[in-house]
Amino acid sequence: METLTTTLLIIGGGPGGYVAGIRAGQLNVPTILVEGAQPGGTCLTIGCIPSKALIHAADEFSKATTYAAQESPLGITLDNPRIDLDRTVAWKDGIVKRLTGGVGALLKKHGVRVIKGWARVIDGKTVEVQPPAGSEQAVFRIRCEHLLLAAGSEPVELPFMPFGGPVVSSTEALSPDSMPRRLVVVGAGYIGMELGTAYRKLGSKVTVVEAFDRILPAYDADLAKPVAASLARLGVELRLGTSVLGMEDGQVRVRDASGVESRLEADRVLVAVGRKPRTTGWGLESLMLDMDGRALKVDALCRTSMRNVWAIGDLAGEPMLAHRAMAQGEMVAEIIAGKYREFAPAAIPAVCYTDPEIVVAGMTPLEADHAGVEFISAHFPFSANGRAMTIESLDGFVRVVARKDNHVILGWQAVGAGVSELAAGFAQSIEMGAQLEDVARTIHAHPTLGEAVQEAALRALGHALHI
Ligand code: FAD
Ligand code: NAD
């Protein structure tokens, strides 16, 4: 066994852990990062990046099949488009490889020692790392001053329909060797909607079973409507208010809200009913840290209940988003290096890569109402936006929520093609305390979807120009 000592020891090389490592390295904090799988974590290897690659491939193929099936007003015709799934998956894997390689190189460049293997917590200052199976590497015992826990999350399993065989999680769904003829998706949240849509566009018959009475229950109903309409056009079957009972003989047994049971044919079942922080199986329990539900409890500095033990990202609960993990990682590294920081973002934007996309930042009208804030809200539809017409995407809108008294912007929501790219402007305006007037008087380039952002602000002020 080899013993190492360091100032900062990071467990987990996902967006939280690797960003903490890079920043700590930049600030000359001696740092070791332990990763059992690949640097980049869930996000780069089996999450954000591969899912967006697959969604893009599905969108392109869907366009081609649509042009082949019907006369296009654009004058485009195509014959018999086909997809070579092995090449699609290889292309996606190539992107993952480039990015994970890049993360490894950045860590190295900043002097962070990366140790491959699964860490086991011995105490709040000591961790043991077993080498990966088949490796010659020594067992390491690492002593540290600061322990940063960034072990991420894992998919929730349904006890009566465990993963295995035809029942898969997003991980397997992102590397298919064939398209199932009939896919049943359990859960109409982020993963179910993003990947369910992609599979439909790649040719599977898709049925989505959701316990709630509508899709994307985490988003407000107005935002989910254009997505539901698009699913209907694509021929995705929705079984809402329905619970799954189990799987037998290639059929998923379900029960609807009125108690009626039925069976759904399925060659494959994607279970996407949420993810849970990875808090067990690696000795973490022995620290007996305070919990917040299934996640580690942290304060505004990402400190756990034990001195010099920190937790970030999915392990520290909702929202389980890569950019939140990164922001926390960067912050903890700076605090350990002696800077004063606090995690108090005015907004953490969220994007759902459905068709059309959804983006939110800050408060919705309902949330402002619940918070007891007097607010004004206005929306601008893409049906009145020139750019939206030129990309054949008239569905959706941009909505703004602002305080009534001083017009400070509290929130933005949008649904429409390509609106994910509006997230930056939304978050910036909220973080900088912008007022409606600031956005309304900013010159927005024409023709862009961003003009709908300016028009929503103008409309909230009572003088929209193009509606
Ligand atoms: P993770 O990325 O989960 O990384 C944790 C790392 O720790 C892993 O690499 C793991 O191997 C390692 N580890 C765990 N235990 C140990 C141990 N004992 N020893 C050594 N190593 C260990 N978020 C977005 O913001 N946008 C998206 O578009 C998006 N899409 C997603 C799509 C899918 C299909 C999934 C599953 C998730 C998606 N997410 C998305 C969520 C995002 O991936 C996570 O929020 C993010 O990865 C969390 O980062 P993290 O650093 O906390 O943990
Ligand atoms: P989710 O929480 O987004 O959605 C789970 C859905 O499953 C919910 O609608 C819930 O009502 C439903 N559900 C729960 N139990 C059920 C049951 N027994 N039967 C039927 N429906 C059931 O979870 P997810 O889609 O698994 O994604 C996990 C997390 O990963 C997300 O919460 C998010 O943090 C992250 N993620 C983010 C993105 C993104 O940012 N674009 C994409 C994918 C995943």
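The structure displayed is predicted, hence computed values, not measured ones.

K.L.:
Let's hear about the site of ligand 2: which residues, and what values?
P.N.:
Among the 22 residues in the neighbourhood of ligand 2, the closest are listed as Ile191, Glu194, Glu210, Met320 and Val351. Take Glu194: an N or O atom from its side chain is 2.8 Å from a nitrogen atom of ligand 2. The separation between an oxygen atom of ligand 2 and a polar side-chain atom of Glu210 is 2.6 Å. In the complex, 78% of the free accessible area of ligand 2, which totals 840 Å², lies under the protein chains. No other element matches the four residues that helix H6 (residues 190–201) contributes to the shell around ligand 2. Tallied by class, the residues present in the shell around ligand 2 amount to 14 nonpolar, four polar and four charged.

K.L.:
Kindly report on the packing of aromatic side chains, identifying the contributing residues and their values.
P.N.:
Per the stated rule, a full pass over the model turns up two aromatic pairs. With 5.0 Å between their ring centres and 5° between their planes, Trp412 and Phe426 make a pair best called stacked. Here Trp412, found in strand S24 (residues 409–416), pairs with Phe426, found in helix H11 (residues 423–431); they are 14 residues apart in sequence, far enough to count as distant. The pair Trp412 / Phe426 is uniform in exposure class, with both members buried.

K.L.:
Now, about H6: what can you tell me, with residues and values included?
P.N.:
In this model H6 runs 17 Å from its N-terminal to its C-terminal C-alpha over twelve residues, within 8% of the 16 Å that 1.5 Å per residue would give. For H6, a buried count of nine out of twelve residues is recorded, marking the element as mostly surrounded by other parts of the structure. Listed in full, the buried residues belonging to H6 are Gly192, Met193, Glu194, Leu195, Gly196, Thr197, Ala198, Tyr199 and Lys201. After H6 finishes, the residue Gly203 shows a positive phi value of roughly 120°.

K.L.:
Lay out the side chain of Glu334 in plain terms, naming residues and giving numbers.
P.N.:
Inspection of the secondary structure assignment puts Glu334 in helix H8 (residues 322–336). Among the residues examined, Glu334 registers a relative accessible area of 8% and is labelled buried. Apart from the residues lying within four places of it in its own chain, the contact partners of Glu334 are Arg23, Leu27, Lys339 and Arg341.

K.L.:
Which residues make up the side chain of Asp220, and what are the values?
P.N.:
In this structure, Asp220 sits in the loop between strand S10 (205–209) and helix H7 (221–234). In this structure the side chain of Asp220 is engaged in a polar contact, spanning 3.0 Å, whose partner is the backbone nitrogen of Asp222. Residue contacts for Asp220: discarding those within four places in its chain leaves Arg214, Thr364 and Arg399.

K.L.:
Run through the site of ligand 1, naming residues and quoting values.
P.N.:
Taken together, 39 residues surround ligand 1, and among them Glu35, Thr42, Lys52, Ala119 and Asp314 come closest. Between an oxygen atom of ligand 1 and a main-chain N or O atom of Ala322, the distance comes to 2.9 Å. Taking 1,000 Å² as the accessible area of ligand 1 by itself, protein coverage stands at 94%. Broken down by secondary-structure element, the contributors of at least two residues to the shell around ligand 1 are helix H1 (15–26), strand S2 (31–35), helix H2 (41–46), helix H3 (48–69), strand S4 (118–123) and H8. When residues of the shell around ligand 1 are assigned to their parent elements, the largest contribution, four residues, is made by H2.

K.L.:
I'd like a rundown of a nonpolar patch on the surface, residues and numbers included.
P.N.:
On the surface, a cluster of nonpolar side chains totalling about 230 Å² of accessible area is made up of Leu74, Ile76 and Leu78. Along the polypeptide, Leu78 turns up in the loop between H3 and helix H4 (85–109).

K.L.:
I'd like a rundown of the environment of Asp292, residues and numbers included.
P.N.:
Summarising the element assignment, Asp292 is placed in strand S17 (residues 291–292). Sequence separation between Asp292 and Gly317 is 25 residues, and the spatial gap between their C-alpha atoms is 7.8 Å.

K.L.:
Please provide a residue-by-residue account of the domain arrangement of the protein, values included.
P.N.:
Entries for the protein in the domain assignment read domain 1 (3–46 + 90–154 + 276–336), domain 2 (167–273) and domain 3 (350–460). Its C-alpha centre places domain 1 at a distance of 35 Å from the equivalent point of domain 3.

K.L.:
Lay out the pairing of S10 in plain terms, naming residues and giving numbers.
P.N.:
Of all five residues in S10, four are buried, a share of seventy percent or more. Both strand S9 (residues 182–186) and S10 contribute to a ladder of five bridges, which runs parallel. Residue pairing in the sheet places Val184 in a bridge with Thr207 of S10. In this fold, S9 hands off to H6, which returns the chain to S10; that crossover is right-handed. Across three bridges, the pairing between S10 and strand S11 (residues 237–239) is parallel. The residue bridging Val209 from the neighbouring strand is Arg239, located in S11. Handedness of the β-α-β unit built from S10, H7 and S11 comes out right-handed.

K.L.:
Quick one: what's the story with the nonpolar core, residue by residue and with numbers?
P.N.:
Among the nonpolar cores identified, the biggest contains 33 residues, and Ile215, Leu216, Tyr219 and Ile358 are the most heavily contacted of them. Of all the elements in the fold, those that place two or more residues in this core are H3, S9, H6, S10, H7, strand S20 (350–352) and strand S21 (357–362). Shared between two domains, this core holds at least three residues of each, these being domain 2 (167–273) and domain 3 (350–460). Those residues in contact with Tyr219 that lie beyond four places of it in its chain are Tyr190, Arg214, Ala350, Val351, Cys352, Ile358 and Val360. Core analysis: the next-biggest nonpolar cluster, separate from the first, contains 30 residues, Trp412, Leu436, Ala440 and Ala457 among them.

K.L.:
Tell me about the sheet that holds strand S15 (residues 268–271), and name the residues and values.
P.N.:
Here five strands make up an open sheet; going across it, the order is S8-S15-S9-S10-S11 and the pairing parallel. Sheet topology places strand S8 (167–168) and S11 at the edges, where each strand pairs with a single neighbour. Bridge analysis of S8 against S15 gives two bridges, and the strand direction is parallel. Looking at S15, one finds that Val167 is bridged to Val269. Together, S9, S10 and S15 form the strand contacts of H6, whose direction differs from that of S10 by roughly 160°.

K.L.:
An account of the sheet that holds strand S12 (residues 243–248) is needed here, citing residue identities and associated values.
P.N.:
Strand order in the open sheet formed by three strands is S12-S13-S14, and the pairing between neighbours is antiparallel. Looking at the sheet topology across the chains shown, the edges are occupied by S12 and strand S14 (261–265). On average, each strand axis in the sheet is inclined to that of its neighbour by 30°, with strand direction left out of account. The pairing of S12 with strand S13 (residues 251–255) spans five bridges and is antiparallel. Considered in S13, the bridge of Met247 is made with Val252.

Analysis parameters
- Residues numbered from 1 in each chain as written.
- Chains lettered and ligands numbered in written order.
- Predicted model: local features only at pLDDT ≥ 70, side-chain atom pairs only at ≥ 80, totals over all residues.
- Heavy atoms only, no water.
- Near = heavy atom within 4 Å.
- Polar contact = N/O pair within 3.5 Å; in protein donor to acceptor, adjacent residues only side chain to side chain.
- Areas by Shrake-Rupley, 256 points an atom, 1.4 Å probe, with all protein chains shown as cover.
- Helix = DSSP H or I, 4+ residues; strand = E, 2+ residues; numbered from the N terminus.
- Nonpolar A, V, L, I, M, F, W, Y, C, P; charged D, E, K, R; others polar.
- Phe/Tyr/Trp six-rings, centres within 6.5 Å; stacked < 30°, edge-to-face > 60°.
- Buried < 20%, exposed > 50% of the residue type's maximum accessible area, 1.4 Å probe, protein only.
- Expected span 1.5 Å × (residues − 1).
- Contact = heavy atoms within 4.5 Å.
- Patch = residues over 30% accessible without salt bridge, like charges linked within 9 Å, V, L, I, M, F, W, Y side chains within 5 Å.
- Salt bridge = Lys/Arg side-chain N within 4 Å of Asp/Glu carboxyl O.
- Domains from an automatic or database assignment.
- Pairing = 2+ DSSP bridges.
- Right-handed = clockwise from strand over helix to strand, strands pointing away.
- Core = buried A, V, L, I, M, F, W, Y, C linked by side-chain atoms within 4.5 Å.
- Axes fitted to C-alpha atoms, helices over the stretch in contact; angles between N-to-C directions.

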